Structures are given as structure tokens and as C-alpha cells.
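A structural walkthrough
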Amino acid sequence: MATNDAAVPCPFCGLGCDDLSLTGGSDSPRLEAAGCPKAEEGFSLALGAPAATPAIAGRRCTLDEAVEHAGRLLAEARLPLFAGLAGDLLDIQAALRLAEAAGGVVDHRNGAGLTAAAAALQAGGLMTTSLGDARNRADLWLLVGDVPRRFPRITERLLEPRERLHMDDMPEALVIGEAPPAGTSGGAFEHLPVPAGGLHDFIQVLRARLAGRHLDGEPDAGIEALVQRLGNARFPVIVYAPAALGDHGDLVIRALGGLVRTLNDSGRAALLPLGGGDGDVSAHQAAAWHSGFGMGTSFHSGVPEYDPALWSTGRLLASGEADLLVWVSSLDAAPPPATAVPTLVFGHPASRFDATPELFVPLAVPGVHRHGVVHRGDGPALLPLKALTASELPAGAEVFERLAAGLGTEVQS
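As the structure is a computational prediction, the values presented were derived from the model and not from experiment.

Criteria and cut-off values
Residues numbered from 1 in each chain as written. Predicted model: local features only at pLDDT ≥ 70, side-chain atom pairs only at ≥ 80, totals over all residues. Heavy atoms only, no water. Phe/Tyr/Trp six-rings, centres within 6.5 Å; stacked < 30°, edge-to-face > 60°. Helix = DSSP H or I, 4+ residues; strand = E, 2+ residues; numbered from the N terminus. Buried < 20%, exposed > 50% of the residue type's maximum accessible area, 1.4 Å probe, protein only. 1 Å grid on protein atoms, 1.4 Å probe; cavity = no way out; pocket = protein on both sides within 12 Å on 5 of 7 lines; lining within 4 Å. Points joined across faces, edges and corners; volume = space filled by probe spheres on them. Nonpolar A, V, L, I, M, F, W, Y, C, P; charged D, E, K, R; others polar. Pairing = 2+ DSSP bridges. Axes fitted to C-alpha atoms, helices over the stretch in contact; angles between N-to-C directions. Contact = heavy atoms within 4.5 Å. Core = buried A, V, L, I, M, F, W, Y, C linked by side-chain atoms within 4.5 Å. Salt bridge = Lys/Arg side-chain N within 4 Å of Asp/Glu carboxyl O.

Our focus in this paragraph is the packing of aromatic side chains. This model, assessed by the stated rule, comprises four aromatic pairs. Relative to Y306, the ring of F293 has its centre 5.7 Å away and its plane inclined at 5 degrees; by these criteria the two rings are stacked. Taken together, the residues F293 in the loop between α11 (280-291) and β12 (297-298) and Y306 in strand β13 (residues 305-306) connect sequence positions 13 residues apart. Of the residues examined, Y306 reaches a relative accessible area of 30% and is grouped as partly exposed.

So, about the layout of surface pockets. Space inside the largest pocket adds up to approximately 650 Å³. Those elements that provide at least two residues to the lining of the largest pocket are α4 (111-124) and α11. Of the voids in this model, the second largest pocket is the one considered here, and its volume is about 550 Å³. If you go around the second largest pocket, you meet 27 residues; those closest to its centre are F12, K38, R109, D278 and D332. Here the lining of the second largest pocket takes five residues from helix α1 (residues 37-47), the largest share from any one element. Of the residues assigned to the lining of the second largest pocket, the class counts are 11 nonpolar, seven polar and nine charged.

What follows deals with the sheet that holds strand β9 (residues 189-192). In space, the five strands of this open sheet follow the order β9-β8-β7-β10-β11, with parallel pairing throughout. Since the sheet does not close on itself, it has two edges, and those belong to β9 and β11 (270-273), each with one partner. Taking the axes of each pair of neighbouring strands and ignoring which way they run, one obtains an average angle of 25 degrees across the sheet. Looking at chain direction, strand β7 (residues 140-144) and strand β10 (residues 236-240) are connected through four bridges and run parallel. Within β10, the position partnered with L142 by the bridge is I238. Set on the sheet, helix α10 (residues 249-264) makes contact with β7, β10 and β11; between it and β10 the angle comes to about 175 degrees.

All right, on to the sheet that holds strand β16 (residues 359-362) then. Taken in spatial order, the nine strands of this open sheet run β4-β3-β16-β15-β14-β5-β6-β12-β13, and their pairing is mixed. If you trace the sheet from one side to the other, it starts and ends with β4 (59-60) and β13, each paired once. Here five bridges tie strand β5 (residues 80-84) to strand β14 (residues 324-329), and the two strands are oriented parallel to one another. Across the sheet, residue F82 finds its bridge partner in β14, namely V326.

Here we take up the nonpolar core. A general trend in soluble globular proteins is that nonpolar side chains are found buried together. Counting 39 residues, the largest nonpolar core has F346, F400 and L403 as the members making the most contacts within it. Among the elements that make up this core, the one with the highest residue count is helix α3 (residues 89-102) (eight residues). Contact partners of F346, with chain neighbours within four places excluded, come to A70, V326, W327, V328, S329, S330, L359, V361, L363, V399, F400 and L403. Within the second largest apolar cluster, 28 residues are counted, among which are L174, L230, A233 and A255.

Moving on, we come to the pattern of salt bridges. Across all of its chains, the model carries 15 salt bridges by this definition. D133 is the salt-bridge partner of R268, the closest N and O atoms lying 3.0 Å from each other. Highlighted residues: R268 in the loop between α10 and β11 and D133 in helix α5 (residues 131-137), separated in sequence by 135 residues. Look at R268 and you get partly exposed, because its relative accessible area is 40%. R376 is the partner of D378 in a salt bridge, and the nearest nitrogen-oxygen pair spans 2.8 Å. Among the charged side chains, a network of salt bridges with common partners joins D19, R153 and E156.

You will see that A57, though not glycine, has its phi angle at about 50 degrees, which is positive. Looking at the secondary structure, you find A57 in the loop between β3 (55-56) and β4. Here the phi dihedral of L85 falls at roughly 50 degrees; this positive angle occurs in a residue that is not glycine. By secondary structure assignment, the location of L85 is in the loop between β5 and α3.

Glancing now at the pairing of strand β15 (residues 343-347). With respect to burial, β15 is a largely interior element, five of its five residues being buried. Neither face of β15 is open: one carries T343, V345 and G347, the other L344 and F346, and all of them are buried. Examined bridge by bridge, β14 and β15 share five bridges and lie parallel to one another. In the sheet register, W327 faces β15, and the bridge partner there is V345. Sheet topology places β15 next to β16; four bridges connect them, and they run parallel.

Encoded structure:
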């Protein structure tokens, strides 16, 4: 168990910062000021909840009783929906195996963003880079949407790092979309609001002007200045969070991909998609490894069927096709979606509920109550997580293995 550690990794954001520190000793560890509201909230909430009791319909029960009750409901369900999936890789892998054993559907809470990213990649490919390469070589950052709010330390970790290959040539940074939160940028960001036509059209205009095409109407001075800066940059990198791009995120990502291809006609540029930090990148990777498909896959027919629109959480709950919601969320205490469908929550010990669920099984929080592993937001890097404080809370994989065994299927890890 790691306490008073000067290199604590954080699982609560896609940046995967691993330089946090604990104080207070092994009995009452607490995070030193991290300069990151997400880390401070995530660690404070989990460190303050080292224990919790399972409950059936609000009545306290033992873990054995909870597992027996969940097993009975899973066996009786016609189409159980495994959603949320905000955990580390170990939680999600075990949940996927249980979902297949139960003939259910899997969908992540950021399923729309994952689907948009996969659709854009399928449509035409994307030229991407990693956090490390971008940090060392980018001379112009274009942050799209609400990236500074989602990743509070992005200025410190990427734009003003303590170590960088080319420290004598610090990058410029522009934000297109939501203005950076007060105090986040440290003066590093230049904010460009999205014009009335919307983000997609704005990107397409940028691309057309970079390609030398003339457009109807008076030239927009702001766009012309940005075209010139992008054209003059040695390595511009465009950062976005697929989970934040809305209903037509695939079109925006495809437009960004086209912009980068145009820039690469005469230079070098890349995209840097960042996962939202709710375990979405780990869920995507685990699902691809498990079945060959991503989130939005059904195991109901006995073989995996991928259709993220058909198997989305919102549609299945609204239509009544799902008759049991299995909400997995060991990293986050947010409540499951409101639904009349019986809900089993395997989640954070400090979970909040708008309505009492049919079952609540508190799980150990990876990176606080137990060791674990989670993918960094850019995908290729795995971040090992440490157990920081003593806890008797069960790991998600332990509970899901017991349930799968009860359904007559051994969970193969």
C-alpha cells in the first residue's frame, strides 16, 4: 500500500497525471493540493469512503446476499443492459465477460463519443499523435471545444511542461469554442469563439482557405489570420474530446481529420483525441479485445452484434427493450440514469442516487482502495494505479466473477 507517496497516479482525468502527492500518514491519507479540481474531488471522495454496505432496495445486506439477489435478477432478465462502465481496465474486462455470460448489451456512459470517433475513423482514417510527441514537438496547439475545462492541468502538463525537447521554442495555444475557465489558462490560451455557422462549418472554411480556395462574401479577418498561423506552424496539433462534441461529433471529427490532411499536404500536423477520463478509452480497448467490436454491442443472440445506435443506453431504456439496468461505475459517484427499469448499481462507495436502486454493491475505487490499471486519454499508454489506503471493499472483477460463475459460466481472464 502506498501512502505519503510522491508519485501518485490519478485515474480521474484522461491526462493520466502521475506526479501527485499524499500526506497524513497511512491512517488518514489526503491529497496535497494538486491544482486540479477533478483530482482533488476524486481523491477526496474516495479517501473519505473506505467502507460501505451493500443494500437491496435500500435495506442493508451482506455481500453474499447482494450477489445472490443480483444473480437471480440476471438469470431472469430478458435483455440486461450493462452501462456506465466507468471503471479501470480490470473492472471493465470482468463486466464484459459477465455481460456476455448473461446475454446482455454493453454501452459506456460516453458511448456517443466513442461511436463518433469510431465512425470518423472508419469513414476516412485519422492522422493522430500521442501526448508525448505533441508535447515535445508541437509549436501550435488548437484546442477544440471544452478541452481546458475537461483537462484542468493541460496547460501545465502539455503547454508549459517542466521538461520538453525544445524548451527554447514554446508553443502557442488557441481555444476554439468554450472559453477556458477563469484561472485555468495562466494567460497561455487565446480564445476564438465559434462563429454563428457552427464548429463544423468553421472547420470546413478553414480547410478550404488553407487549400487556397476562394469563398463567396467578404473574407473574415479572424479566419484569415488563423489560416496564416496554421500555414506557418511547423507542427500544429488539434486536440479534442470526442465525448464533448455532441450528436454530430463524427462529422466534426471528420472535418478535423480533413483539415489535418490538408495541412499535411505541405507540412506536418496531427490530431490528438483525448478520452474523457471515465474509463472510456479503457472500455473501448477492452471491448475491441473482447469481441472485436466497441461499445454498443449485444451478446443476446450468442454472438456479438455491433450496432451502437440500436444498442445505445438511451434508446434501450426509452423503448423498454432492456428489462434490467446493470450500472457499473467504480470511478465516479454520479447516479445512474433515471428509469423505471430495475437497476443494479455496482459502484463507487459514495454513490449518489436520485431514486433508490434495486441493488447497490459498493466497489473498491481503483487507484485509491486497490491497485489497478487504466488507459491514458490518448490511448496507447497504460497507467498503473496504486492502492493508497486500507479498504475491505471488493474489487469489481471479484464480484463479477462470482456472478458469472453463478450463471454457469466461468469468467476467463
